[in-house]
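Residue strings, one per chain:
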Amino acid sequence: MSEESMATPQQPIGSGFGHGSTASDVVAGVDLRGKTAIVTGGYSGLGLETVRALSSAGARVTVPARRPGHAKEVLAAAGLAPEQVTVEALDLADQDAVKAFAAGFMASNPTLDILINNAAIMASPEQRVGPGWESQFATNHLGHFTLLNTLWPALAAAGSARVVSLSSTGHKLSPIRFEDINFETGYDKWKAYGQAKTANALFAVELDRLGRSSGVRAFAVHPGGIMTELQRYLPREEMVAAGWMDDAGNVREGFKTPEQGAATSVWAATSPALAGMGGVYCEDCDIAEPTDPASPLARYQGVDAHAVDPEAATRLWAVSAEMTGVNAFA
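Cut-offs used in this document
- Residues numbered from 1 in each chain as written.
- Predicted model: local features only at pLDDT ≥ 70, side-chain atom pairs only at ≥ 80, totals over all residues.
- Heavy atoms only, no water.
- Salt bridge = Lys/Arg side-chain N within 4 Å of Asp/Glu carboxyl O.
- Core = buried A, V, L, I, M, F, W, Y, C linked by side-chain atoms within 4.5 Å.
- Buried < 20%, exposed > 50% of the residue type's maximum accessible area, 1.4 Å probe, protein only.
- Helix = DSSP H or I, 4+ residues; strand = E, 2+ residues; numbered from the N terminus.
- Contact = heavy atoms within 4.5 Å.
- Axes fitted to C-alpha atoms, helices over the stretch in contact; angles between N-to-C directions.
- Parallel < 35°, antiparallel > 145°, perpendicular 65-115°, else oblique.
- Nonpolar A, V, L, I, M, F, W, Y, C, P; charged D, E, K, R; others polar.
- Pairing = 2+ DSSP bridges.
- Expected span 1.5 Å × (residues − 1).
- Bend = angle between axes of the 7 residues up to and from the residue.
- Polar contact = N/O pair within 3.5 Å; in protein donor to acceptor, adjacent residues only side chain to side chain.
- Left-handed = near helix turned anticlockwise from the far one by under 90°.
- pLDDT = per-residue confidence, 0-100.

For the structure on display, the rule yields ten salt bridges. With its nearest N and O atoms 2.8 Å apart, the salt bridge here joins arginine 217 to aspartate 208. Residues participating in the shared-partner salt-bridge network are Asp208, Arg212 and Arg217.

Written out as structure tokens, the structure reads:
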């Protein structure tokens, strides 16, 4: 069977779940005993609920954390036992730290069944990391790119692993700016975030193409609108102006709870309905429709063509490999 015939259509499959489904809903009846998982950012917001759902189904979950002590406190307060959920140090903005984490994980875990690239920063002030990389692209994309490529042997050894890359409707704000990927001119915090979220979606497209022969399938996920620590860089007046909340701080109707926000990640990582599929963008616990430009909800629903473009995905992978010096498929 050719690679082309194995591509998954970007269209809903009628999952039976939807906008209001929770992580516990989609993992009900799924047995993850004996499985290993990594969830970056798994100690706050929807990441915490993702970890809770995976561990409830029997998976052993590793949570990489920039502040390991804080992460352990949060997970303990959530009632997650250390024998089921472990914490290790990792700063996604530090390439050496990413490689060290991956090496440490594989030293005691020969296989990895689920990798959920959940951690992110959003609309941050202009910052540079590493050799001058724009921080949102470096943290949200390049950190996870290196994590995946250094963990690749464990994922391939699992035989049927899944990788979930958290994107968002933010991808609609910018394609990949290949001519100025680090925003060396005209930094715009929202376009930089948009580029990073497009990168997260394209990462899943190319990884699925590269990894499917090893049984590794990849999915991009829009979790939905959720109020979490992701908004830490945004003043209230900006969120009011965007229509996310009213002047009193009440979140608008349509936003999800963290447990609802975690549902699509958990569904993509575990659903039997997705067996043999991959390389698609998902939302509301199903494969998303392509964006309908004529729809009044075009800004909030569906996936734009630039975020699932196979040629852009291949180009981004090559650029990312050149920037990081890491490529498991070279």
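Core analysis: the largest hydrophobic core is formed by 40 residues, its most contacted members being Val51, Leu54, Val61, Val63, Leu75 and Ile116. The element that contributes the greatest number of residues to this core is helix α8 (residues 258–270), accounting for six residues. In this structure, valine 63 is in contact with Val39, Gly42, Tyr43, Val51, Leu75, Val85, Thr86, Val87 and Glu88, ignoring residues within four places of it in sequence. Counting 32 residues, the second largest nonpolar core, distinct from the first, contains Ala201, Ala204, Trp317 and Ala321.

Moving on: the side chain of histidine 141. Inspection of the secondary structure assignment puts histidine 141 in helix α5 (residues 135–158). In this structure histidine 141 comes out as buried when scored by relative accessible area, which is 2%. With residues up to four places along the chain from it excluded, the contact list for histidine 141 reads Gln136, Ala199, Asn200, Phe203, Leu316 and Ser320.

One non-glycine residue, aspartate 284, adopts positive backbone phi at about 50°. Structurally, the position occupied by aspartate 284 is in the loop between β9 (280–283) and β10 (286–287). Not every positive phi belongs to a glycine, and cysteine 285 is a case in point at roughly 60°. Within the secondary structure, cysteine 285 sits in the loop between β9 and β10.

Closest axis-to-axis distance for the α5/helix α9 (residues 310–324) pair is 10 Å, and the angle between their directions is 85°. Relative to α9, the element α5 lies roughly perpendicular. Along the contact surface, α5 presents Phe137, His141, Leu142, Phe145, Thr146, Leu148 and Asn149, while α9 presents Leu316, Trp317, Ser320, Ala321, Met323 and Thr324. When its residues are assigned to classes, the contact of α5 with α9 shows eight nonpolar, five polar and no charged.

The subject of this paragraph is the environment of alanine 273. Counting through the fold element by element, alanine 273 comes out in the loop between α8 and β9. Sequence spacing of alanine 273 and isoleucine 13 is 260 residues, and the spatial spacing of their C-alpha atoms is 8.4 Å.

Strand pairing in a sheet takes place through backbone hydrogen bonds and is either antiparallel or parallel in direction. What the eight strands build is an open sheet, ordered β3-β2-β1-β4-β7-β8-β9-β10; its pairing is mixed. Edge positions in the sheet fall to β3 (85–89) and β10, since each has one partner strand and no second. In the sheet, β9 pairs with β10 via two bridges, with the strands oriented antiparallel. From the neighbouring strand, glutamate 283 faces β10, where its bridge partner is aspartate 286. Taken strand by strand, helix α2 (residues 45–56) contacts β1 (36–39), β2 (60–65), β3, β4 (114–117) and β7 (162–166), and its axis lies near 175° from that of β1.

Residues spaced three or four apart along an α-helix point in a common direction, a consequence of the helix completing one turn every 3.6 residues. Between its first and last C-alpha atoms α5 spans 32 Å; for 24 residues at 1.5 Å apiece the expected length is 34 Å, and the two agree. Tryptophan 152 marks the point of greatest bend in α5, at about 60°, and the proline proline 153 comes within the next four residues. Between a side-chain oxygen at the N-terminus of α5 and the backbone nitrogen of glutamine 136 the separation is 2.9 Å; the capping residue is glutamate 134.

Attention now moves to the pairing of β4. The alternating pattern of β4 places Ile114 and Ile116 and Leu115 and Asn117 on opposite faces, both of which are buried. Where β1 and β4 come together, three bridges link them in parallel fashion. Looking at β4, one finds that valine 39 is bridged to isoleucine 116. Here four bridges tie β4 to β7, and the two strands are oriented parallel to one another. For isoleucine 114, the partnering residue across the bridge sits in β7 and is arginine 162.

Here the focus is the packing of α5 against helix α6 (residues 189–211). At their nearest, the axes of α5 and α6 sit 7 Å apart, and the two run at 20° to each other. The angle between α5 and α6 places the two elements in the roughly parallel class. The handedness of the crossing between α5 and α6 comes out as right-handed. Facing Gln136, Phe137, Asn140, His141, His144, Phe145, Leu148 and Trp152 of α5, the residues of α6 in contact are Lys189, Ala192, Tyr193, Gln195, Ala196, Lys197, Ala199, Asn200, Phe203, Leu207 and Gly211.

Attention shifts here to the confidence of the model for the protein chain. Confidence along the protein chain averages 91 in pLDDT terms, with 89% of residues attaining 70 or more. Low pLDDT, under 50, characterises residues 1–5; the stretch is placed with three contacts to residues that sit more than four places away or in other chains.

Turning our eyes to something else, we now look at the environment of aspartate 113. Topologically, aspartate 113 is positioned in the loop between α4 (95–108) and β4. The sequence separation of aspartate 113 and alanine 157 amounts to 44 residues, and the corresponding C-alpha distance is 8.8 Å. Beyond its immediate sequence surroundings of up to four residues, aspartate 113 is in contact with Gly34, Lys35, Thr36, Ala158, Ala161 and Arg162. Here the side chain of aspartate 113 touches threonine 36 through a polar contact of 2.9 Å, landing on its backbone nitrogen.

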